[in-house]
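Breakdown of the fold
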Amino acid sequence: MTTVMIVDDEQLIRAGLRAIVAAEPDLDVVGEAADGAQAQSEIARLRPDVVLMDVRMPGVDGIQATRNILERQPEPPKILVVTTFENDDYVYDALRAGASGFLLKRSRPEEILQAIRMVVQGDILLFPAAIRALAAARQDQVASAGRAPRWHGQLTDREAEVLRLMSTGLSNAEIGETLFVSLQTVKTHVGNLLAKLGARDRTQAVIFAYESGFIQPK
Amino acid sequence: MKRLLRPLISGTTWRRFSFLVVGGAIFIPFLVLYVAFLSLFGNNGAHHGWTLALLIMLGIAGFVVMLVLAGLFPVVRALEGAFTKELVGAPEVLGEDRSWPARAKAAAWFAAHVITGAAYGIACIGAPSVAIWTFVVPFHERPAAERGDLAPITNSHWVWLLPVGGVLLTLGFLYGTVLLGKIAARLAPHALGPSAQERIEAVERRADALAERNRLARELHDSVGHALSIVTVQASAAARVLDQDPQFAKQALGAIEESARTALEDLDHVLGLLREEERSRRTPQRTLKDLDELLGNTGLPITVDCEGDLERIPAAVSREAYRIVQEGLTNVAKHAGHVPVSLRLAARTAELELDLTNPRGPALPGSRGLGGRGLNGLQERVSVLRGRMWAGPEADLWRVSVTIPITRGTT
């Protein structure tokens, strides 16, 4: 059973998401919160597996809340950021802060449920195309100058290859098939490269890769 | 080599070439006119030495004066501007300033164009002719004792150097054309481009338009986007749990109806803003001088307390203050209803203080976020003017408090 918590300042959105999620036999909604501050204390108390987190909220917003939770909580939950619009700067900020993926409020219920299940598994990047688009838009705004981070030189060729495949949205198993290596080997590579990048999960790793110019988003 | 040749074959050079030639062409009717004008004074033809030189100088000066006077006419300026923009490729934007300094600059440009054009026209005919002549002379059967100033050259072996001179002359002419064109392109923006004042105004207009667009985008995002999200989530939830939980489905339908209605209202509001923007582009923007009219229109009981001389507040600050009061009063009417409002305006030496307070009314249904949106827009504008803004509840009052620095040069 996967436990889910819903954070949104709009009661009607919470109620809708709760109805969709709670109707699934393998998912359970354990709590709700109406802002970031409340979310932090509720998550510490209820220890959900997944949090659906609205970005724009009064007081502590979704980005700050995500950052705080991931920093302060041992074994934090997976956080899925929920947003109205795709081309939202805040979404990118939330992903940078360590959210595992994002969902649009207009997503179909099946997509919402699939995203929750996938993020629990944790071995696939959600919405690779959208993340690339966000990174590309960011690149236009900020001149991507600056020195390449140290990890560029530290990745082995195989790890670099795995990172590139990850960014296209392949799962570990698919990466294994593409590179003709076992799933266990892929997992080892992923673990190593996450450690070298200092990334929490694949989403953050891919974002770092785009940001540092290791992968060109365009 | 390529870099040396490129200017000679580039279209830009030859467009500028035609610009120079046009100047020469304009010269001719002016010359005819001027000669006709001079002939009115008769001609006794008996001047010599200094007198003649003086008369010629006077004549040339008179001609230049005539050109400058012609250039002062706005129509000549517009024509000359169009020529320059099209053929020289500069300025990118023509100035529309009608002040005398701007017209004088354009007139000087016109006169310089015509005179340079005339000189260039002569060079244009002369240089190729002379160049051809230098090539012909060495092969020409010469009578043993040719007369003339050039005889010592044309009659010696030095004659074979003449074609070299011809080549140099041609090159000089060609690169002279390139150089003149470049000079024209460099000077044109100063002579005909928008003045500093015009450029500032253009930048301000762009900034205003951008701020307005951002505001509308935010309005749409927060209002219609928000409502449609509710509609989507509630509808998909209702469809999924219809069988197990008909009660939820029923509530969801109610929420959908309500959200959609709010979205339409908000859309109406935003479209209204767009129309308003269209109108405000045509009418001058309002400032604190128009405050009385604004206060009269609201129908709310308002106490106004003004300190200092509001007249001396720069226009940008005054416009902003007007908007803040306008937005504030709209919010009061929307959220608190018909309640007494108190407005305090104080023009201090270095800043304008604005305070708008009203008792908080009962929270009206559907009023969520509405105040916040308008306030966000104001906040952004205030920060552009380096001001500070605070808005929020204070005891049982709602207060909007703004301080905007008054700096010289803010127009």
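Since the model is a prediction, treat every value here as computed from it, not as a measurement. (Residues numbered from 1 in each chain as written. Chains lettered and ligands numbered in written order. Predicted model: local features only at pLDDT ≥ 70, side-chain atom pairs only at ≥ 80, totals over all residues.)

1. Concerning the overall build of chain B
- Helix and strand content of chain B: 12 helices and five strands.
- Split into buried and exposed, the 411 residues of chain B put 25% on the buried side.
- The contacts of chain B with a sequence gap of at least 6 include a subset with a gap of at least 24, amounting to 79%. (Helix = DSSP H or I, 4+ residues; strand = E, 2+ residues; numbered from the N terminus. Buried ≥ 20, exposed ≤ 12 C-beta atoms within 10 Å, placed from the backbone. Contact = placed C-beta atoms within 7 Å.)

2. Some remarks on the sheet that holds strand β5 (residues 101-104) of chain A
Residues and elements named next belong to chain A.
- Within the open sheet, the five strands sit side by side as β2-β1-β3-β4-β5. Their pairing is parallel. Strands at the two margins of the open sheet, each flanked by one partner only, are β2 (27-33) and β5. Between one strand axis and the next, the sheet turns by 25° as a mean value, whatever way the strands run.
- In terms of strand pairing, strand β3 (residues 50-54) meets strand β4 (residues 78-83) through five bridges, oriented parallel. Paired with Met 53 across the strands is Val 81, a residue of β4. (Pairing = 2+ DSSP bridges. Axes fitted to C-alpha atoms, helices over the stretch in contact; angles between N-to-C directions.)

3. Considering the interface of chain A and chain B
- Contacts between chain A and chain B engage 14 residues on the former and 15 residues on the latter.
- Looking at which element gives the most residues to the side of chain A that touches chain B, the answer is helix α1 (residues 11-22) of chain A, with six residues.
- Residue composition of the side of chain A that touches chain B, grouped by class: eight nonpolar, two polar and four charged. (Nonpolar A, V, L, I, M, F, W, Y, C, P; charged D, E, K, R; others polar.)

4. Digging into helix α3 (residues 62-72) of chain A
All names here are of chain A.
- Within the span of α3, buried status applies to Gly 62, Ile 63, Ala 65, Thr 66 and Ile 69. One face of α3 carries all of its buried residues, which in axial projection span an arc of 165°. Within α3, the exposed residues directed more than 90 degrees away from the buried face are Glu 71 and Arg 72.
- Where α3 is buried, its residues touch α2 (36-46), β3, β4 and α4 (89-96). (Arc of directions from axis to C-beta.)

5. Re the packing of helix α2 (residues 11-39) of chain B against helix α4 (residues 74-88) of chain B
Residues and elements named next belong to chain B.
- Look at α2 against α4: their axes get within 8 Å of each other, and the N-to-C directions meet at 150°. Classed by the angle they form, the pair α2 and α4 counts as roughly antiparallel. Contact residues: Arg 15, Arg 16, Ser 18, Phe 19 and Val 22 in α2; Phe 83, Leu 87 and Val 88 in α4.
- Across the contact of α2 with α4, the residue classes break down as five nonpolar, one polar and two charged. (Parallel < 35°, antiparallel > 145°, perpendicular 65-115°, else oblique.)

6. As for the UniProt feature "transmembrane region" (unreviewed entry) in chain B
- Those residues carrying the UniProt feature "transmembrane region" (unreviewed entry) are residues 20-41, 53-76, 108-137 and 157-180 of chain B in this numbering.
- Within the segment residues 53-76 of chain B, helix and strand shares are 96% and 0% respectively, and the terminal C-alpha atoms sit 32 Å apart. (UniProt positions renumbered as here; feature names shortened; annotations may be inferred.)

7. Notes on the confidence of the model for chain B
Residues and elements named next belong to chain B.
- The share of residues in chain B with pLDDT of 70 or more is 87%, and the mean pLDDT across the chain is 81.
- Of the regions scoring below 50 in pLDDT, residues 364-372 engages in eight contacts with residues more than four places distant in sequence or in other chains.
- Reported for the predicted complex are a pTM of 0.54 and an ipTM of 0.76. (pLDDT = per-residue confidence, 0-100.)

8. Remarks on unusual backbone geometry
- Not every positive phi belongs to a glycine, and Glu 75 of chain A is a case in point at roughly 45°.
- Examined against the element boundaries, Glu 75 of chain A turns out to sit in the loop between α3 and β4.
- Although it is not a glycine, Ala 395 of chain B adopts a positive phi angle of roughly 50°.
- The topology assignment puts Ala 395 of chain B in the loop between β4 (388-394) and β5 (397-405).
- Classification of Ala 395 of chain B as exposed rests on a count of 8 C-beta atoms within 10 Å.

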